[in-house]
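# Observations on chain architecture
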Amino acid sequence: MAKKILLMTLFAGLWMQAWCQRKALLGPGQPIRLLVFHGTTQLEPGLRFGNQAFHTGAMIGTEWKLNQHPRSNVFVAGNIGGYHHKLLSSGIFLTGELGYRYRSSIGLFAQVSAGVGYARVFYPGEVYEFDEGAQRYQKASNTGHSAMLVPMSLALGYKMGSYRNAPELLVFYQYAPELPFSLSGLHQFLGLGLSFYPFKN
């Protein structure tokens, strides 16, 4: 199963590269996006903050625009990230997404995206498995398991300037279920992001 998930993720990455093969992967005009978020799962009712533990995560990524319209863009994006939920699991992941963004004349924008990704998930504490022969639970190695992620995102943001490569602030929500299905793998991420352009023309 892990090999199938990894192959599907690599296929998605190759598809992204095929769309963007005429552009430098990282170069002038290419944004870098940093995201930090609070995460929870469907086992918990909603995105709770308050007295609940703050389950942190972060992503770094970039994107390639598939058209150059001043108001609306179709884009592909790639992200690498990780999260830590001290009660359920921690994980690292790689995702690719296809998205659409619309901008207003005053710099506000909204975007939606969806994609596929690969995650390596680790459980907190000790892990046990049932031994059929001994008919009892025994301690198992906690090397994690592989899963496919299906991220679906919604974001609202603001471009901090009228020039082309002005930095952007955004607030985003992402629903990212794991496959094979499990309730503890129905992730919800709510966070803040910053896109900037470190590569000079």
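Thresholds, definitions, all that
Residues numbered from 1 in each chain as written. Predicted model: local features only at pLDDT ≥ 70, side-chain atom pairs only at ≥ 80, totals over all residues. Heavy atoms only, no water. Core = buried A, V, L, I, M, F, W, Y, C linked by side-chain atoms within 4.5 Å. Buried < 20%, exposed > 50% of the residue type's maximum accessible area, 1.4 Å probe, protein only. Helix = DSSP H or I, 4+ residues; strand = E, 2+ residues; numbered from the N terminus. Polar contact = N/O pair within 3.5 Å; in protein donor to acceptor, adjacent residues only side chain to side chain. Contact = heavy atoms within 4.5 Å. pLDDT = per-residue confidence, 0-100. Salt bridge = Lys/Arg side-chain N within 4 Å of Asp/Glu carboxyl O. Patch = residues over 30% accessible without salt bridge, like charges linked within 9 Å, V, L, I, M, F, W, Y side chains within 5 Å. Areas by Shrake-Rupley, 256 points an atom, 1.4 Å probe, with all protein chains shown as cover.

## Comments concerning the nonpolar core
- Core analysis: the biggest nonpolar cluster contains 14 residues, and Phe-37, Met-59, Tyr-83, Phe-93, Leu-170, Phe-172 and Phe-189 have the highest contact counts within it.
- For this core, the secondary-structure elements that each account for two or more residues are β1 (32-41), β5 (108-122) and β10 (168-179).

## Observations concerning the side chain of Glu-63
- Tracing the backbone shows Glu-63 in strand β2 (residues 56-65).
- Judged by relative accessible area, which is 6%, Glu-63 ranks as buried.
- Among the polar contacts made by the side chain of Glu-63, one reaches the side chain of Arg-101 at a distance of 2.7 Å.
- Setting aside chain neighbours within four positions, we find Glu-63 in contact with Gln-30, Pro-31, Arg-33, Phe-75, Val-76, Ala-77 and Arg-101.

## As for the confidence of the model for the protein chain
- Predicted confidence across the protein chain gives a mean pLDDT of 78, with 68% of residues reaching 70 or more.
- Confidence drops under a pLDDT of 50 for residues 1-7, and excluding neighbours within four residues, the segment shows 8 contacts in the predicted structure.

## Describing the pattern of salt bridges
- Tallied over the full model, the rule gives 5 salt bridges.
- Between Glu-63 and Lys-65 there is a salt bridge, and its shortest N-O distance comes to 3.7 Å. In this structure, Glu-63 and Lys-65 share a single accessibility class: buried.
- Beyond isolated ion pairs, a larger network of salt bridges with shared partners links Arg-33, Glu-63, Lys-65 and Arg-101.

## Considerations on the environment of Ser-72
- When you line up the elements, Ser-72 lands in strand β3 (residues 72-85).
- By relative accessible area, Ser-72 is classed as buried at 15%.
- Once the C-alpha coordinates of Ser-72 and Ser-104 are considered, the two residues, 32 residues apart in sequence, prove to be 9.1 Å apart.
- Contacts of Ser-72, omitting those with residues within four sequence positions, involve Asn-67, Tyr-100, Arg-101 and Tyr-102.

## Brief notes about a nonpolar patch on the surface
- A contiguous nonpolar patch, built from Val-74, Leu-98, Tyr-100, Tyr-102, Val-112 and Leu-154 and spanning about 510 Å² of accessible area, is present on the exposed surface.
- Per-element tally for the nonpolar patch: the top contributor is strand β4 (residues 89-103), with 3 residues.
- Mapped onto the elements of the fold, Leu-98 is located in strand β4.

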